[in-house]
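# Architecture at a glance
Spelled out from the first residue to the last, the chains are:
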Amino acid sequence: PPTNNTVSKLPPKPKPGGARGGKPNAGYGKMSGEAPNVYWRAVTMQELRDHPLFDALPPTEEVPVREVGDVMRLRQDSWQWRALHQGRLTTSN
């Protein structure tokens, strides 16, 4: 039992057969393998940069790094970003 006054309520478990009834995962395609393919239908960085609503960071060569706050404008696919994160535990690659 929780020790504080806040109680988080979990949603009910789904019924067998999913929300639509029938087989579990109906409509989601055949699942196989030991791990999901996270790159399946993934959008590339170039596709994102080409989209009119995407506000891309400038090319790394155009980012002057004069102080610590400037590094947030480095692209994650740059060697500078990787060098800054080498040996660090981070949620990014």
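Report on the accompanying structure. (Residues numbered from 1 in each chain as written. Predicted model: local features only at pLDDT ≥ 70, side-chain atom pairs only at ≥ 80, totals over all residues. Heavy atoms only, no water.)

### Section: the side chain of Asp-70
Put simply, the test is: Runs of H or I in DSSP of at least four residues are treated as helices and runs of E of at least two as strands, each being numbered from the N terminus. Each residue is assigned to one of three classes by its accessible area relative to the maximum for its type, calculated with a 1.4 Å probe on protein chains only: buried under 20%, partly exposed between the two thresholds, exposed over 50%. Charge counting treats Lys and Arg as positive and Asp and Glu as negative, with His and both chain ends excluded. A pairing counts as a salt bridge when a side-chain nitrogen of Lys or Arg comes within 4 Å of a carboxyl oxygen of Asp or Glu.
With respect to the helices and strands, the residue Asp-70 is situated in the loop between α1 (45-50) and α2 (79-85). As a buried residue without a salt bridge, Asp-70 has its nearest oppositely charged side chain in Arg-73, at a separation of 5.4 Å.

### Some thoughts on the packing of aromatic side chains
The cut-off we apply is this: Centre distance within 6.5 Å is the pairing criterion for rings of Phe, Tyr and Trp, where only the six-membered ring of Trp is used; planes under 30 degrees apart are then read as stacked, over 60 as edge-to-face, and the remainder as tilted. Comment: the charge-over-ring label is applied if NZ (Lys) or CZ (Arg) is within 6 Å of the ring centre and within 35 degrees of the ring normal.
For the structure shown, the criterion picks out 0 aromatic pairs. Arg-41 extends its terminal NZ or CZ atom over the ring of Trp-40, reaching a point 5.3 Å from the ring centre.

### Some thoughts on the pattern of salt bridges
Scanning the entire structure with this criterion turns up 1 salt bridge. We note a salt bridge from Arg-49 to Asp-77, for which the minimum N-O separation is 3.4 Å. Remark: Asp-77 occurs in the loop between α1 and α2 and Arg-49 occurs in helix α1; sequence separation between them is 28 residues.

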